[in-house]
Amino acid sequence: MLDIQKTDAATPATDPAIIRREDYRPPAWFIPTIALDFQLGLNQTVVHSMLDVRRSKSAKYQEPLLLDGDGLMPTSVKVDGAPWTDWQLIDGNLQIPLTGSAHEVEITVELDPSTNTQLMGLYASQGMLCTQCEAEGFRRITFFPDRPDILSRYSVRMEGDKKLFPVLLCNGDKVSEGDGDNGRHWAQWNDPWPKPSYLFALVAGDLVANTDSFTTRSGKPVELNIWVRDGDLPRTGHAMQALKDSMRWDEEVYGREYDLGLFNIVAVSDFNMGAMENKGLNVFNSRYILADPEVATDADFDGIEGVVAHEYFHNWSGNRVTCRDWFQLSLKEGFTVYRDQSFSADMGSAALKRIEDVRILRAAQFPEDAGPLAHPIRPDSYQEISNFYTATVYNKGAEVIRMMATLLGAERFRKGTDLYFDRHDGEAATCEDFVVAMEEGGDIDLSQFRGWYRTPGTPRVSAKLSHDPQTGTATLALKQSLAASGAKPEPSDMVIPLKIALLDPQTEAHEGEQLITLNRPEESFTFEGQKEHPILSINRGFSAPIILESSRTAEELAFLSSHDDDPFARFEAMQQLMTSYLLAQITGTPADRDVILQAVGAVLADENIDRAFLAELLLLPSEAFLGDQMVEVDPQAIHDAREKLRGKIGVQFERKFRRLYKQCVPGEFSLDAEARADRKLRNVTLGYIAASQVEDAAELAFDQYREANNMTAMQGALGVLSHMDADERTWAFEDFFKRFKDNALVLDKWFTLQAMSQRGDTVKRVESLAKHPDFTLSNPNRVRALYAGFTNNPVRFHDASGKGYQMLADMVIALDGQNPQTAARFIPSLGRWRRYERGRSELMRLALEKIAAAPGLSKDVSEQVSKSLA
Ligand code: PHE
Ligand code: ZN
């Protein structure tokens, strides 16, 4: 038996089909209404569906009804009330030849949620049942045309054991409920809004709710519930506040009101992504709901606020106006990320938020755009759509929307979005529809701007400012180029909005920010009335997602790091200064360190500086970011150079750091800006004190750990200790484990902190953590905690032995058997093998080859691996 199976699996499978954007065809059949009945059970759920099917008037031929299915077998099929045998399963999909133009089709299937380890479709998580349907999970629940341009009205009856599933939730409104036989009960839910199948959701479980209410600006009351397991209730307050804030914000900023009397959120422990915007029933990874100061860091609190807002905003950008096909994914995701970023900026500090967003873009999207998996924000083809939930579609997509907002200005941008929502409400739209609405509503021609939708790669812009003292003219010469992955950059003509200012070196002021738009390969801009050579502040606020190559001197960058009035540009100048120095160090070119020390000294001496912003200014560019700037990456050399500079800064300013550290003593916990700034700066200064190798560093960190009344301080202390060779490290990690072993989200941090340790034994430690009784491949959060922590630790993941690569490859192969979607997300860290020095490059390639050779690989992993090796 086994042998035969093996031989079968080893015969070369045909490559997964490539789906192309240009092949889009409108559906041949529509499903205006669907009635579903669920007889729920953890091991057996019976799903009965009744579809009202209508042949499209524009369908040319008598096309049969084709319903997508994945792993389903009908136990009964009826057409117009009569049993029906004339059907076929083709590649798992159900084909029923029908002659009329309207029929009623009834299908019954049986599912086993307890064995659904992919977490797509209906699955069991800690005794509850829940669903995940985006992008193509509904076809694992019932046969259906599982594509986003089929909008249907759903009515759902669900029934199950009242003890196991006291709470029964679905989209829309609960219209009736009652008790059945044998300890069962049922609920009937109707969703008045037509929706695509990917927005369907159902939850059944033993849950409790934090209940609140919201009144929309037109006076309609909305009941709000956040459903969690008993005991987690006290950790739902922040999410609830974020929900109410988002509802108000969308009314005020976009004029969008909520459209049901009920809004439910459910937190689940096993979830592939962050959260899901199902109509009226958002399902969340519990890490984006549960928080209190003892278990959540300030970053966790921010993550919750952002993701709650993101999912809520989808109610308009995604649900009321949805996507025609999955190539348009950025239509909802790019726009919604832009909306949640703007919301968070309004709720807290806009400057810090922008710095954070750009950091994420550079850490996750720029590498993607420069590697083998590069794709435009509107891709042209895919094999597995799950692989296209990327930083490019989401975060670069958001940058593209932001550029349109910049070009139009707030008022015209709002006219554009109003037109978009009004015109396409209730429709499945395209990215093109959005751009057209921007053009008409905002009165602008975006023909050339559309390049951003079809072009992969990060544009490079070189900027050179010259000055003629005789005429008092400054000239800014700009050039842009773009490289297809791996190739040489070629001149390009993207539309690149650049916010700039010319600072007077004497007065440290400028005469106003200007927006210039580069839309040719080369262009010069002149500025009159400049007596002295001004200092160029460019791409202020990161107005365009580009790589800037400016010829500014270290002295000019140092000047900007002290005097630029645009916080992002000021931060960026310091980063640029440090980056250039470190790159020179790594490649053995002479560079001036004093200018950096002076710049750091200057910001430390700045009396008016915001403490949180100071903390940002002090951070060195990450090892990964430095690697991205190099033609051939040597992780060890990067690490050594960076640590050396950290140590030097630590030593040079030790007294100042200690003073700041003491000044930032925490009082009563609060989430207000001042208290958060103190926590942030305290952790950053602790890091520098430790980097200066002083004797009491471990003690200081350990004291911080012991005295902490919040997770930000605790994690900061543990982070510092994690790299050390000291008893305090052992004590703290042991204590942390004991205290939090029953809180999965906090235990995740314990795994991550160790995986991110810079110690030489980290590879070994990760290997043994993978065998820890609390480690499991079945929980995506736990897998990410250990392995994403590890791959985000360049110097240890890229251990010259290649051991890290092998461990990752083995994990991916094992995980692929149960959860292909999550497994595939780890391929990119090996995928950029061509960029590394020869030894590592070869070892990375071998790890990829090993994955490629594994039998029975999923479509998800095989697409990513084959593209990475191509
Ligand atoms: N659509 C979700 C979001 O961005 C993400 C998601 C995709 C969740 C696929 C689950 C599965 O909000
Ligand atoms: Zn989204």
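Quick caveat: nothing in here was measured; it's all calculated off a predicted structure.

**Q** Any details on the overall build of the protein? Residues and values, ideally.
**A** A tally of regular secondary structure across the protein gives 29 helices and 32 strands. Against the globule reference of 29 Å for 870 residues, the protein gives a C-alpha radius of gyration of 28 Å, in line with a compact fold. Over its C-alpha atoms, taken along the principal directions, the protein stretches across nearly 90 × 65 × 60 Å. Across the 870 residues of the protein, 49% fall into the buried class. Taking as baseline every contact in the protein between residues at least 6 positions apart, the subset at least 24 positions apart corresponds to 69%.

**Q** Before we move on, can you summarise the site of ligand 1 with the specific residues and values?
**A** What surrounds ligand 1 is the set Gln132, Glu134, Asn272, Met273, Ala275, Met276, Glu277, His310, Glu311, Glu333 and Tyr389. Residue assignment for the shell around ligand 1 shows that the elements contributing at least two residues are strand 20 (275-276) and helix 3 (298-313). Of the residues that constitute the shell around ligand 1, the class distribution is four nonpolar, three polar and four charged.

**Q** Help me get a handle on the sheet that holds strand 13 (residues 167-170), residues and values and all.
**A** The four strands are arranged 10-11-16-13 in an open sheet whose pairing can be described as antiparallel. Either end of the sheet is taken by a strand with one partner, and the two such strands are strand 10 (121-125) and strand 13. Strand-to-strand twist across the sheet, computed as the mean angle between neighbouring axes with direction ignored, equals 20°. Both strand 11 (residues 128-132) and strand 16 (residues 202-205) contribute to a ladder of two bridges, which runs antiparallel. Paired with leucine 129 across the two strands is alanine 204, which belongs to strand 16.

**Q** Can you lay out the UniProt feature "domain: Peptidase M1 alanyl aminopeptidase C-terminal" (unreviewed entry) in the protein for me, pointing to particular residues and giving the numbers?
**A** Under the UniProt annotation, the feature "domain: Peptidase M1 alanyl aminopeptidase C-terminal" (unreviewed entry) is placed at residues 555-870. Counting secondary structure, residues 555-870 comes out at 72% helix and 0% strand; the distance between its end C-alpha atoms is 44 Å.

**Q** Summarise the pairing of strand 15 (residues 184-195); cite the residues concerned and give the values.
**A** Direction of pairing for strand 12 (residues 152-161) relative to strand 15: antiparallel, over a ladder of nine bridges. Bridging from a neighbouring strand, serine 152 pairs with lysine 195 of strand 15. Inspection of the sheet shows strand 14 (residues 173-179) paired to strand 15 by six bridges, in the antiparallel sense. In the sheet register, glycine 178 faces strand 15, and the bridge partner there is tryptophan 186. Hairpin connection, strand 14 to strand 15: the antiparallel pair is bridged by four residues, and asparagine 182 has positive phi, about 55°.

**Q** Which residues make up helix 8 (residues 431-442), and what are the values?
**A** Note that an α-helix has 3.6 residues per turn; residues three or four places apart therefore point the same way. Relative to the 16 Å expected for twelve residues at 1.5 Å per residue, helix 8 spans 16 Å between its end C-alpha atoms, a close match to the ideal helical length. Looking at helix 8, one finds that the buried residues are Cys431, Phe434, Val435, Ala437, Met438, Gly441 and Gly442. The arc that holds every buried residue of helix 8, seen down its axis, measures 155°, which confines them to one face. Where helix 8 is buried, its residues meet helix 4 (329-347), helix 6 (391-408), helix 7 (410-424), strand 24 (428-429) and helix 9 (451-454). Directly after helix 8, the chain includes aspartate 443, whose backbone phi takes a positive value near 55°.

**Q** Give me helix 20 (residues 727-740): which residues, what numbers.
**A** For helix 20, built from 14 residues, the straight-helix expectation of 20 Å at 1.5 Å per residue is met to within 8% by its first-to-last C-alpha distance of 20 Å. For helix 20, every residue scored as buried is listed here: Glu728, Arg729, Ala732 and Phe736. Projected down its long axis, helix 20 carries its buried residues within an arc of 100°, all on one side. Of the exposed residues in helix 20, the ones pointing more than 90 degrees away from its buried face are Asp727, Thr730, Glu734 and Lys738. The inward-facing, buried residues of helix 20 contact helix 18 (697-707), helix 19 (711-722) and helix 21 (744-755).

**Q** Before we move on, could you go through the sheet that holds strand 7 (residues 88-90) and cite the residues and values that matter?
**A** The pairing of strands in a sheet happens through backbone hydrogen bonds and is either parallel or antiparallel. Taken together, the three strands give an open sheet; going across it, the order is 4-8-7, and neighbouring strands pair in antiparallel fashion. For this open sheet the edge positions go to strand 4 (65-67) and strand 7, each flanked by a neighbour on one side alone. Neighbour-to-neighbour, the strand axes of this sheet turn through a mean angle of 30°, independent of strand direction. Both strand 7 and strand 8 (residues 93-96) contribute to a ladder of three bridges, which runs antiparallel. Within strand 8, the residue paired with leucine 89 across the bridge is leucine 94.

**Q** Go over the nonpolar core, please, and point to the residues and values.
**A** One finds Val203, Val266, Val283, Ile289 and Ala701 to be the most contacted residues of the largest nonpolar core, which totals 233 residues. Discounting residues that sit within four places of it in the chain, alanine 701 has contacts with Leu686, Ala690, Ala717, Val720, Leu721 and Glu728.

**Q** Account for the packing of helix 19 against helix 21, naming residues and giving values.
**A** To characterise two packed helices, one gives the angle between the axes of the helices and the distance between these axes. At their nearest, the axes of helix 19 and helix 21 sit 9 Å apart, and the two run at 35° to each other. Seen along the crossing, helix 19 lies across helix 21 with a hand that is right-handed. Mapping the contact onto sequence places Gln715, Leu718, Gly719 and Ser722 in helix 19 and Lys749, Leu753 and Gln754 in helix 21. Counted by class, the contact of helix 19 with helix 21 contains two nonpolar, four polar and one charged residues.

**Q** An account of the confidence of the model for the protein is needed here, citing residue identities and associated values.
**A** In this model, the protein carries a mean pLDDT of 97, and residues with pLDDT of at least 70 account for 98%. Under a pLDDT of 50 for its full length, residues 1-12 has, in the predicted model, three contacts with residues more than four places off or in other chains. Listed scores for the predicted complex are pTM 0.98 and ipTM 0.99.

**Q** Now, about the packing of helix 4 against helix 6: what can you tell me, with residues and values included?
**A** Running from N to C, helix 4 and helix 6 point in directions that differ by 70°, and their axes come no closer than 7 Å. Taken together, the axes of helix 4 and helix 6 lie roughly perpendicular to each other. Each of Leu329, Ser330, Glu333, Gly334, Phe335, Val337, Tyr338 and Gln341 in helix 4 lies in contact with helix 6, whose residues at this interface are Val393, Tyr394, Asn395, Gly397, Ala398, Val400, Ile401 and Arg402.

**Q** I'd love a proper account of unusual backbone geometry, names of residues and values included.
**A** Between glutamate 134 and alanine 135 the backbone carries a cis peptide bond, its omega angle lying at -5°. The phi angle at aspartate 91 is positive, at roughly 50°, despite the residue not being glycine. By the element assignment, aspartate 91 lies in the loop between strand 7 and strand 8. Of the residues examined, aspartate 91 has 9 C-beta atoms within 10 Å and is grouped as exposed. Positioned with a positive phi, asparagine 539 is a non-glycine residue whose angle comes to about 55°.

Rules used throughout
- Residues numbered from 1 in each chain as written.
- Chains lettered and ligands numbered in written order.
- Predicted model: local features only at pLDDT ≥ 70, side-chain atom pairs only at ≥ 80, totals over all residues.
- Helix = DSSP H or I, 4+ residues; strand = E, 2+ residues; numbered from the N terminus.
- Rg over C-alpha atoms; globule rule 2.2 N^0.38 Å.
- Buried ≥ 20, exposed ≤ 12 C-beta atoms within 10 Å, placed from the backbone.
- Contact = placed C-beta atoms within 7 Å.
- Near = placed C-beta within 6 Å.
- Nonpolar A, V, L, I, M, F, W, Y, C, P; charged D, E, K, R; others polar.
- Pairing = 2+ DSSP bridges.
- Axes fitted to C-alpha atoms, helices over the stretch in contact; angles between N-to-C directions.
- UniProt positions renumbered as here; feature names shortened; annotations may be inferred.
- Expected span 1.5 Å × (residues − 1).
- Arc of directions from axis to C-beta.
- Core = buried A, V, L, I, M, F, W, Y, C linked by C-beta atoms within 7 Å.
- Left-handed = near helix turned anticlockwise from the far one by under 90°.
- pLDDT = per-residue confidence, 0-100.
- Parallel < 35°, antiparallel > 145°, perpendicular 65-115°, else oblique.

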